[in-house]
Amino acid sequence: MTGGNGSAWRSPSVLVIGVGPHARRNHLPVLLDAQRAGRLGTIIGVDLVETREVNDEYARSTGSSAFSMVYLKKSDTGRVALPPSTGRLLDGFVARHGIRGVLVATEPTFHLAYAKWALDRGLSVLMDKPVSARVNASLDEDQAGLLLEDYDELASRYAEARRRDPGVVVSMMSQRRYHPAFRTMRSLVREVAEATNCPVTSIQSFHSDGQWRMPTELVDIGYHSYDQGYGKASHSGYHFLDIVPWLLEAAETPGKELDEVEVFSNVVRPRDLLRQLDFEDYRRIFPDFDRHNRYSASDLWRRVRHHGEVDVFVSLAFRSAGRTMTLGSVNLVHNGFSQRGSVLPNRLDLYKGNGRVRHESHVVEQGPFQAIYFQSYQARDGAAGADPAGVGGDRHVDVHVFRNRALFPDWESHAHLRLEDMDGGGPPLRGHQENARRHSVEEFLSHLRGDGVPVTSDLAEHRRGCVLMAGAYLSAARRRRGADPLVRLGFHREREVQPVRGGVTHLLPERVEG
């Protein structure tokens, strides 16, 4: 599957596994635009029978006769491998429609099964983050450790698929790798490393999801839920566990390669949340709280006892040959500043339109030579009426760069970069993160069409992010049972699996030490 000029090659067909709010907002608009332009063939969506009403309505609203839905029962799905009957069903669509690409946008515990099925059939994959999620990962050390095994198994299958057909790719939708600000920051880090041989010496990342969950919703709402024993780190948190090593790598030089990371995490779980604001607090804030609350305090306390993390703060120390090169922190919260103002949500999925606002910041220090500050803050959900690029707007991004001009007179002491300085003044569309996700989908389609486009977020380059996620969960699980929460993991660059643009990428699983 390395190239071609026929119409089937230039208009590939795809499966979209998981047609939820995220896919309808990010994946399908790009796919449908490409289809209308004659650059994409058939689109087949796959989801659970419970979604039939909303997804059939969505499919009709697109006006596309080449977009159809297929529905599965929960028993037809699998977290580690698909049932043979489901595999055969999907195989039939692959054969009949000439499917060449699979977009996996399911709930994350099902990512692995669908990606393995696709790779075993030589299909390219665009997969949502994270690579995998494990039920009870924040509660059970064995489940946390399986996150690394999942990556290594999928990377091995990817390598085998690439040996059979070098045109196969697995691209992770980690959109910050596509984001102009982060690409600019990585270039700045590399530039200073080349001039000084100084690594990144400290890095801090923070993200607030701004999604306020009412007590009843801790149990009843499935989107970005906690009831499977994992939470924020497996939801939007993976983006930051991925982007930290991606930035660090830009300053790794011979003799200063990172080979170990020490991880220490603290978490807030739903029971903690219910002490931060208890039922009496909710009654004071919302006079109609009791009318809409379905559970008593004691019942809710019982129901959330095995839930995953709402917030997680992860402390990191990256080492090279036993010496600390970089100190870091990745601080992730669902329970942050929000614009929600009512007990009942505007929409049941809570994806958008319920006061959910994003606050994000990063601080990168390169010893005495450079400091980079990234800030992106929303004031309102959708930021209607605000200056899109101003503080609080949907396109707000500020990057401040400070450099040591006393040593390097050609450097600027301070530069303030706005989004338009970094993205070439592209169309605003819905927001800068949505633009980055759109680039991810467009890149995947270009690869399917044989355009020779390199893969920005190749699976083969994601093991370090999986190491950090596994470490965060191992630490949280150990703390929960009263054991030492300090975790040390190997952090070498990966080898053996070659990403599409070249370079070394895969390691055998590292031994987990206490």
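Everything here concerns the structure above.
Calculation notes
- Residues numbered from 1 in each chain as written.
- Predicted model: local features only at pLDDT ≥ 70, side-chain atom pairs only at ≥ 80, totals over all residues.
- Heavy atoms only, no water.
- Helix = DSSP H or I, 4+ residues; strand = E, 2+ residues; numbered from the N terminus.
- Rg over C-alpha atoms; globule rule 2.2 N^0.38 Å.
- Buried < 20%, exposed > 50% of the residue type's maximum accessible area, 1.4 Å probe, protein only.
- Contact = heavy atoms within 4.5 Å.
- Areas by Shrake-Rupley, 256 points an atom, 1.4 Å probe, with all protein chains shown as cover.
- Axes fitted to C-alpha atoms, helices over the stretch in contact; angles between N-to-C directions.
- Parallel < 35°, antiparallel > 145°, perpendicular 65-115°, else oblique.
- Left-handed = near helix turned anticlockwise from the far one by under 90°.
- Nonpolar A, V, L, I, M, F, W, Y, C, P; charged D, E, K, R; others polar.
- Salt bridge = Lys/Arg side-chain N within 4 Å of Asp/Glu carboxyl O.
- Phe/Tyr/Trp six-rings, centres within 6.5 Å; stacked < 30°, edge-to-face > 60°.
- Lys NZ or Arg CZ within 6 Å of the ring centre and 35° of its normal.
- Pairing = 2+ DSSP bridges.
- Expected span 1.5 Å × (residues − 1).
- Polar contact = N/O pair within 3.5 Å; in protein donor to acceptor, adjacent residues only side chain to side chain.
- Right-handed = clockwise from strand over helix to strand, strands pointing away.

A. Structural context of the overall build of the protein chain. Helix and strand counts for the protein chain stand at 16 helices and 15 strands. Here the C-alpha radius of gyration of the protein chain, 23 Å, is about what a compact globule of 514 residues would show, namely 24 Å. Projected onto its principal axes, the C-alpha coordinates of the protein chain cover approximately 65 × 65 × 50 Å. Expressed as a percentage of the 514 residues in the protein chain, the buried residues total 58%. Contacts in the protein chain between residues at least 24 apart in sequence constitute 73% of all its contacts with a sequence separation of at least 6. When the accessible area of the protein chain is evaluated, it comes to approximately 20,400 Å², of which 50% is carbon and sulfur surface.

B. Focus on the packing of helix 5 (residues 111-120) against helix 6 (residues 141-164). At their nearest, the axes of helix 5 and helix 6 sit 9 Å apart, and the two run at 15 degrees to each other. With respect to helix 6, the element helix 5 is oriented roughly parallel. In terms of crossing hand, the pair formed by helix 5 and helix 6 is left-handed. Residue-level contacts link Leu 112, Ala 115, Lys 116, Leu 119 and Asp 120 of helix 5 to Asp 150, Glu 153, Leu 154, Arg 157, Tyr 158, Ala 161 and Arg 164 of helix 6. Here the contact of helix 5 with helix 6 is built from residues that sort into six nonpolar, no polar and six charged.

C. Seen up close, the pattern of salt bridges. Scanning all chains against the criterion turns up 34 salt bridges. Its salt-bridge partner being Arg 294, residue Asp 220 comes within 2.9 Å of it at the nearest N-O pair. Here Asp 220 is found in helix 8 (residues 217-220), whereas its partner Arg 294 is found in the loop between helix 12 (289-292) and helix 13 (297-303), with 74 residues between them in sequence. We classify Asp 220 as partly exposed; its relative accessible area is 33%. Where Arg 302 meets Asp 299, a salt bridge forms, and the shortest distance between an N and an O atom there is 2.6 Å.

D. Structural detail: the packing of aromatic side chains. What the rule picks out here adds up to 11 aromatic pairs. Judged by centre distance (5.9 Å) and plane angle (90 degrees), the ring pair of Tyr 373 and Phe 402 falls under edge-to-face. Within this pair, whereas Tyr 373 is found in strand 12 (residues 370-377), its partner Phe 402 is found in strand 13 (residues 398-403), the two being separated by 29 residues in sequence. Classification of Phe 402 as partly exposed rests on a relative accessible area of 36%. The aromatic ring of Trp 246 is capped on one face by Arg 186, whose charged end is 4.6 Å from the ring centroid. Across from the ring centre of Trp 411, 5.0 Å away, lies the NZ or CZ of Arg 403, which sits over that ring.

E. Region of interest: the sheet that holds strand 5 (residues 124-128). With parallel pairing, the six strands of this open sheet are ordered in space as 3-2-1-4-5-6. Both outer strands of the open sheet, strand 3 (67-72) and strand 6 (170-173), are each paired with one neighbouring strand and no more. Within the sheet, the average angular offset between the axes of one strand and its neighbour, ignoring direction, is 20 degrees. As judged from the four bridges shared by strand 1 (residues 13-17) and strand 2 (residues 43-48), these two strands associate in the parallel manner. Within strand 2, the position partnered with Leu 15 by the bridge is Ile 44.

F. Up close: the packing of helix 2 (residues 21-36) against helix 3 (residues 52-62). One way to put it is that helix 2 packs onto helix 3 with a least axis distance of 12 Å and a crossing angle of 35 degrees. Judged by the sense of rotation from one axis to the other, the crossing of helix 2 with helix 3 is right-handed. Every residue of helix 3 that contacts helix 2 at Arg 24, Leu 28, Pro 29, Leu 32 and Arg 36 is listed here: Val 54, Asn 55, Tyr 58 and Thr 62. Taken together, the residues that form the contact of helix 2 with helix 3 break down as five nonpolar, two polar and two charged.

G. Spotlight on helix 15 (residues 432-448). End to end, helix 15 covers 25 Å across 17 residues, agreeing with the expected 24 Å (1.5 Å per residue, within 8%). By the criterion of burial, helix 15 is predominantly enclosed, with 13 of the 17 residues buried. Looking one or two residues beyond helix 15, the residue adopting positive phi is Gly 450, at roughly 80 degrees.

H. Region of the structure containing the sheet that holds strand 11 (residues 359-366). The strand order across the open sheet formed by nine strands is 14-13-12-11-7-10-9-8-15, and the pairing between neighbours is mixed. Looking at strand neighbours, the two that pair on one side only are strand 14 (414-418) and strand 15 (487-490), the edges of this open sheet. Averaged over neighbouring strand pairs, the angle between their axes works out to 15 degrees when direction is ignored. Sheet topology note: the strand 7 (residues 202-208)/strand 11 ladder contains seven bridges and is antiparallel. In the strand pairing of strand 11, Gln 204 is matched with Val 363.

I. Representation of the side chain of Glu 360 in the model. The topology assignment puts Glu 360 in strand 11. Within polar-contact distance, the side chain of Glu 360 engages the side chain of Arg 176 at 2.9 Å. Polar side-chain contacts of Glu 360 include one of 2.8 Å to the side chain of His 362. Non-local contacts of Glu 360, meaning those with residues more than four positions away in its chain, are made with Arg 176, Phe 182, Phe 206, His 207, Phe 240, Phe 374, Gln 375, Ser 376, Tyr 377 and Gln 433.

J. Broad picture of the side chain of Arg 356. The residue Arg 356 is located in the loop between strand 10 (323-333) and strand 11 in this model. At 2.7 Å, the side chain of Arg 356 and the side chain of Asp 209 are in polar contact.

K. Broad picture of the pairing of strand 3. The element strand 3 is extensively covered by neighbouring structure, given that five of its six residues are classed as buried. Pairing analysis gives six bridges linking strand 2 to strand 3, with the strands arranged parallel. From the neighbouring strand, Val 46 faces strand 3, where its bridge partner is Val 70. Note on the crossover from strand 2 through helix 3 to strand 3: the handedness is right-handed.

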